[in-house]
Amino acid sequence: MAEINENRKKALDRSEVLKERIEKYLQNRSRIPTGREKSQVIKKQKEKIRDILGGSEKDWNNWEWQMQNRISDANTLARVLKIDDKAQEKIKEIGKKYRWSISPYYLSLIDPSEQWDPIKLQSVPSAMELLGEGTPDPMGEEFTSPASSITRRYPDRLIIKVTNQCGMYCRHCQRRRGIGEVDKPTPVEELEEAIKYVRDNPEIRDVLLTGGDAFLLSNERIEWILKELRSIDHVEVIRLGSRTLVTLPQRIDDELAEILSRYHPVFVNTQFNHPQEITEEAAEACNKLANAGVPLGNQMVLLRRINDKPDVVKRLNHELLKVRVSPYYIFHAKGVEGTTHFRTRVEKGMEIMENLRGFTSGLAIPTFIINAPHGYGKTPVLPEYVVSWGGDHILLRTWEGRVMEYPNVLDEWSDEEVF
Ligand SMILES: *Cc1c(COP(=O)(O)O)cnc(C)c1O
């Protein structure tokens, strides 16, 4: 009895320490609102935008209306946000070099009272785009295409770029070079050539459809591609990459979800970068796909001023799990021309990873990735938890920074001795 009481007391003391470990996050959390929590501000902005564009509620919920009514001129933008004449001129100047276009929905998520609003930073052109260094193609993607529309960097999987269209032209886009002036789905002949390459190479077991944004294709075209790929025996997994769940959630209609459900296993990866992007509409889009049996993953891009704080990423990942999206990757931003103002030091990513492991569920912990130069592939960068290697033990560092000795087995058994 005395021993039980002693153990209970130790556990209660430990609980107190654990409570202290989370206290700061709990205080911070209320300062990192989600889109759902900002629904009142968003609703007001939505009404303002609808007044300008003249759409009905039904139009608003129609993705084709959203696409047709994308805002891509500085004057209209200035009627929605506070933008002075000088800034308007700048936006026009940037627009000549780098395309921009914002769906009415995504525009409505911007809180006009916030100077560093994370939605605004991702969607509204900034004067910074014309400053800074950077190269158009730091990845050398040009040299990894064995057939038209294909990018192959790995033994067993590849990408097919099915369109260059996007719902919104992200200011941090790492594929800026491929986003042309004219929206263009990949021609059928080129898709046929890409599918033939997959068919002719039996080691390819995982095909990733991306772009651009794979969900900007029509349902008919998506179904045709899925059907073709499913007719290839060695294709085990099909993945689609789309940011429409974030920027144009109206796109996820019942028919699309139904089509995907007929070609399983079909996975969808998306890119939420901030909790403010998780609105009721985005949650509904995720829910539709999850209900259709589609496993969802998130590929966050680490962006200065947007999500370069451990608590922002923690909140984002928790909110993603609530809508059944698994945090999959955090990408370090490459030095793409016109986007370098978003770059952080690599240490930022390490700090974020340190603040996740142990402090929150393993489910909420993605892998931090740096894309190696010249298209040599995704490379994980992890905080070091093995402090030193000894012959019969290692030194471990725990998530709280305790250094502990852990015995290692001596590798001297031979098979003859077992039986
Ligand atoms: C990212 C990527 C993939 C998929 O990589 P995973 O680590 O399996 O998610 C496949 N092909 C190319 C060319 C890629 O860039």
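Definitions and limits used
Residues numbered from 1 in each chain as written. Predicted model: local features only at pLDDT ≥ 70, side-chain atom pairs only at ≥ 80, totals over all residues. Heavy atoms only, no water. Core = buried A, V, L, I, M, F, W, Y, C linked by side-chain atoms within 4.5 Å. Buried < 20%, exposed > 50% of the residue type's maximum accessible area, 1.4 Å probe, protein only. Helix = DSSP H or I, 4+ residues; strand = E, 2+ residues; numbered from the N terminus. Domains from an automatic or database assignment. Contact = heavy atoms within 4.5 Å. Polar contact = N/O pair within 3.5 Å; in protein donor to acceptor, adjacent residues only side chain to side chain. Pairing = 2+ DSSP bridges. Axes fitted to C-alpha atoms, helices over the stretch in contact; angles between N-to-C directions.

K.L.:
Talk me through the nonpolar core; I want residue IDs and the actual numbers.
P.N.:
A general feature of soluble globular proteins is that nonpolar side chains tend to end up buried together. In terms of nonpolar packing, the biggest core is built from 83 residues, with Leu77, Ile160, Leu209, Phe215, Leu260 and Leu289 touching the most fellow members. Among the elements that make up this core, the one with the highest residue count is helix 13 (residues 280-291) (6 residues). Mapped onto the domain boundaries, this core takes at least three residues apiece from domain 1 (39-110) and domain 2 (141-380). Once you skip the residues sitting within four places of it in the chain, Ile160 turns out to touch Ser149, Ile150, Leu191, Ala194, Val198, Val207, Leu208, Leu209 and Thr210. Leu121, Val301, Ala333 and Phe342 belong to the second-largest nonpolar core, a separate cluster that totals 6 residues.

K.L.:
Go over the side chain of Thr279, please, and point to the residues and values.
P.N.:
When you line up the elements, Thr279 lands in the loop between strand 5 (266-270) and helix 13. What makes Thr279 buried here is its relative accessible area of 2%. Among the polar contacts listed, one links the side chain of Thr279 to the side chain of Tyr105, at a separation of 2.5 Å. With residues near it in sequence (within four places) discarded, Thr279 still touches Gly35, Arg36, Ile42, Tyr105 and Leu109.

K.L.:
I'd like a description of the sheet that holds strand 6 (residues 296-302), backed by residues and values.
P.N.:
Strand order in the open sheet formed by 9 strands is 1-2-3-4-5-6-7-8-9, and the pairing between neighbours is mixed. Edge strands, defined here as strands with exactly one partner in the open sheet, are strand 1 (150-151) and strand 9 (377-380). Note that strand 2 (residues 157-161) and strand 3 (residues 206-210) share 5 bridges and pair parallel. Bridging from a neighbouring strand, Leu158 pairs with Val207 of strand 3. Its contacts with the sheet put helix 15 (residues 346-354) on strand 6, strand 7 (325-332) and strand 8 (367-372), and the angle it makes with strand 8 is roughly 160°.

K.L.:
Any details on the domain arrangement of the chain? Residues and values, ideally.
P.N.:
Along its sequence, the chain is organised into domain 1 (39-110), domain 2 (141-380) and domain 3 (386-417). Placing a centre on the C-alpha atoms of domain 2 and another on those of domain 3 gives a separation of 38 Å.

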